[in-house]
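Close look at the chain arrangement
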Amino acid sequence: MNNKQITIQNLEVLLKESIKNHGHLCPGQVLGIRMAILGLNIINIKDPKGKDKKSLIVFVESDRCLTDAIQSVTGCSLGRRTLKFFDYGKVAATFYNIPQNNAIRIIAKEEAKEKAKGYFPSIVDKYKAQTEAYKIMPNEELFETMTVKVKLKPEDMPGKPLKQVKCSACGEYIQDSRETLISESNFCKPCSEGSYYILQQTEKTFFSDTVVHNSQNELIVKSKLWLEIKGEPIFGRGRKQLLLAIAKYGSINKAAKEIQISYKKAWSYITSMEERLGVKLVDRYVGGKDGGGAVLTNEAKEFLRKYEDLEEGINELVNRKFWRIFNV
Ligand SMILES: [Zn+2]
Ligand SMILES: [Zn+2]
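The structure displayed is predicted, hence computed values, not measured ones. (Residues numbered from 1 in each chain as written. Chains lettered and ligands numbered in written order. Predicted model: local features only at pLDDT ≥ 70, side-chain atom pairs only at ≥ 80, totals over all residues.)

Quick look at unusual backbone geometry
- If you check the backbone angles, N44 has positive phi at about 60° while not being a glycine.
- Relative to the helices and strands, N44 resides in the loop between α2 (27–42) and β1 (56–60).
- Residue class for N44 comes out exposed when judged on the 12 C-beta atoms lying within 10 Å of it.
- Of note in the backbone geometry, K230 takes a positive phi value of approximately 50° without being a glycine.
- By the element assignment, K230 lies in the loop between β10 (227–229) and β11 (232–235). (Helix = DSSP H or I, 4+ residues; strand = E, 2+ residues; numbered from the N terminus. Buried ≥ 20, exposed ≤ 12 C-beta atoms within 10 Å, placed from the backbone.)

Structure below.
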């Protein structure tokens, strides 16, 4: 038998190669290889690293062990755009035959872990037992498969980038239509949705070396955000502080004192917000040693969370655009 063939008979050969890439032997390597063999078989891909190289795209849904094994067997890679990563946190992958337009999604069954124990009861180490069992368990016990249709846009396909635009906020270039159009300007994802990194203050000098950093009169940008319904302000910084203070003190009275407004004013803020938003934000109760108190409802906490999300995104956008334009 040709030892390049993607078949279960070649499992050990494929495993050896995948361990070399991944760095260790683990249940995920065996499972990933089994998944890839099954997937390729179903979509009629025989030679993924050779003549079928341009016919295959694999979508992985986790960035754990299994993904390396799938990559090793299929030869698909992020850089060649034949491996697509979706951060779903699931032990699943989809194998897509481009010319035949058929795709199969395979997910590892959770019960397989438990069943694996039964195959090698003498092996004490759980992971060793799983590793050995996954080599011989039937596909039906390991996986669930489903036929799917895959949505792939021209800009997601392998090949040269189809277009490139400049982000209006940070000035960095964006390939492959990953930009967002907001009032006729293009924004990159970090600028429009927030990103995994935070630009450190000191790196501002990167944009320009002409500004003298003087802590007394350094130019900074401020922006104000509030929510309105029909021209009536509903929520902004002041009301956010009120809700946060209620959460902190468990009392409207103490919260009002903290943000220096009258109890009456605090009360009217709360009732008007509740009325206009149509949800209860604060639960008031009587009794207890303090003679009653107030807590935020889950709706209020959720609302605060969303508002803070929005605030953070807007601040980042404003800061970046400011740095870009003013070169500070
Ligand atoms: Zn591993
Ligand atoms: Zn940007």
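A look at the sheet that holds strand β4 (residues 102–108)
- Taken in spatial order, the five strands make up an open sheet running β2-β1-β3-β4-β5, and their pairing is mixed. Strands at the two margins of the open sheet, each flanked by one partner only, are β2 (83–85) and β5 (143–148). Strand-to-strand twist of the sheet, defined as the mean angle between neighbouring strand axes without regard to direction, takes the value 20°.
- In the sheet, strand β3 (residues 92–97) pairs with β4 via six bridges, with the strands oriented antiparallel. Counted as the bridge partner of N97 is N102 from β4. (Pairing = 2+ DSSP bridges. Axes fitted to C-alpha atoms, helices over the stretch in contact; angles between N-to-C directions.)

Side note on the confidence of the model for the protein chain
- Within the protein chain, residue pLDDT values average 88, and 91% of them lie at 70 or more.
- Overall, residues 202–216 carries pLDDT values under 50, and its contacts beyond four positions in sequence, including any with other chains, amount to eight contacts. (pLDDT = per-residue confidence, 0-100. Contact = placed C-beta atoms within 7 Å.)

What to know about the domain arrangement of the protein chain
- Examined at the domain level, the protein chain breaks down into domain 1 (8–156), domain 2 (161–197) and domain 3 (208–328).
- Measuring from the centre of the C-alpha atoms in domain 1 to the corresponding centre in domain 3 gives 47 Å. (Domains from an automatic or database assignment.)

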